[in-house]
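Residue-level listing of the chains:
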Amino acid sequence: MRPPARTAQLVALAATALLLGACQGKEAAETPKVAESPKAAEAARVGAAASGCTLPVTFGLAEDWKPKAVTIAGDELLAELAQRGPMTMACEIDAKPAGLIGFLRVWTGKSGDPRANLTAFIGPEALKPVFTELQIGGRPAVEVAYEKKSQLDDAIEPEQAFVVETGQGLLAVSVDSFDSGEHKDMLPAYELAKSSLQVTG
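Residues numbered from 1 in each chain as written. Predicted model: local features only at pLDDT ≥ 70, side-chain atom pairs only at ≥ 80, totals over all residues. Heavy atoms only, no water.

Colleague: Describe helix α3 (residues 114-122), naming the residues involved and giving the relevant values.
Modeller: Since there are 3.6 residues in each turn of an α-helix, residues three or four apart along the chain are aligned in direction. Residues of α3 that are buried: P114, N117, L118, F121 and I122. The buried residues of α3 occupy an angular sector of 130° when projected down its axis, which confines them to one face. Phi for G123, located one or two positions after α3, is positive at around 80°. (Buried < 20%, exposed > 50% of the residue type's maximum accessible area, 1.4 Å probe, protein only. Helix = DSSP H or I, 4+ residues; strand = E, 2+ residues; numbered from the N terminus. Arc of directions from axis to C-beta.)

Colleague: Account for the nonpolar core, with residues named and values stated.
Modeller: Grouped together as the largest cluster of nonpolar side chains are 28 residues, with contacts concentrated most on F59, W65, I93, L104, V106 and L197. Sorting the residues of this core by element identifies β2 (57-61), β5 (87-94), β6 (102-109), β9 (156-165), β10 (170-177) and α4 (180-196) as the ones contributing at least two each. Looking at which element gives the most residues to this core, the answer is α4, with five residues. If we ignore the near neighbours within four places in the chain, the residues touching L197 are V57, T58, F59, I136, G137, F162, V164 and L171. (Core = buried A, V, L, I, M, F, W, Y, C linked by side-chain atoms within 4.5 Å. Contact = heavy atoms within 4.5 Å.)

Colleague: Can you break down the confidence of the model for the protein chain residue by residue, with the values?
Modeller: Taken as a whole, the protein chain shows an average pLDDT of 84; of its residues, 82% reach a score of 70 or greater. No element of the protein chain has a lower mean pLDDT than helix α1 (residues 4-30), at 38, and none a higher one than β2, at 98. Low pLDDT (under 50) marks residues 1-35, which in the prediction has two contacts with non-local residues, meaning those over four places away or in another chain. (pLDDT = per-residue confidence, 0-100.)

Colleague: Give me the pairing of β10: which residues, what numbers.
Modeller: The buried fraction of β10 amounts to seven of the eight residues, a majority that puts the element mostly inside the structure. Across eight bridges, β6 lies against β10 in antiparallel orientation. By the bridge assignment for β10, F103 is matched with D176. Between β9 and β10, which pair antiparallel and follow one another directly, the connecting turn spans four residues, one of which, G167, has a positive phi of 90°. (Pairing = 2+ DSSP bridges.)

Colleague: Before we move on, could you go through the pairing of β2 and cite the residues and values that matter?
Modeller: Burial analysis of β2 places five of its five residues in the buried class, which makes it a mostly covered element. Inspection of the sheet shows strand β1 (residues 44-46) paired to β2 by three bridges, in the antiparallel sense. By the bridge assignment, V46 is partnered in β2 with F59. Across two bridges, β2 lies against strand β11 (residues 198-199) in antiparallel orientation. The residue bridging T58 from the neighbouring strand is Q198, located in β11.

Quick look at the structure:
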């Protein structure tokens, strides 16, 4: 027969274990799961010399999305439109042939802190930015989801972009859609770019 003191200790330990288990179960039940955005099937790749845009990376394209290199030499207006913070537009991937209104845009810049450069890229008018550090193509990267007021009708629209260090400088990919509905429909192509990106430099 166990001494009364020993029995009391065992009862106390059992009660504590039951309490902790109940709390952990409650926390697990209350913690929301982050839903993963679906990604499109890869129909082609962009980034190689013959792909429409020559980049220090390659990544998959959704069906019917068409890449085109952005050339700004000698065009001051285009040069201004193609500059966001420290990043310069290098490639536009048009969603219109796939039935959507918008682009995936690829931007390049000098090496530096990814988050600081992404913060400068989205600008001071970005609303409610949420930054996530992650690995893309085996390299350090930062992604941001935020909101921005539309220049057309002052509607608040969702925006999303990521930046990754390529070894030849930073590279960003952004979703630039017509409205929030188009943004949602374009996310699978964006997720495909993010998940399939490979640094070639």
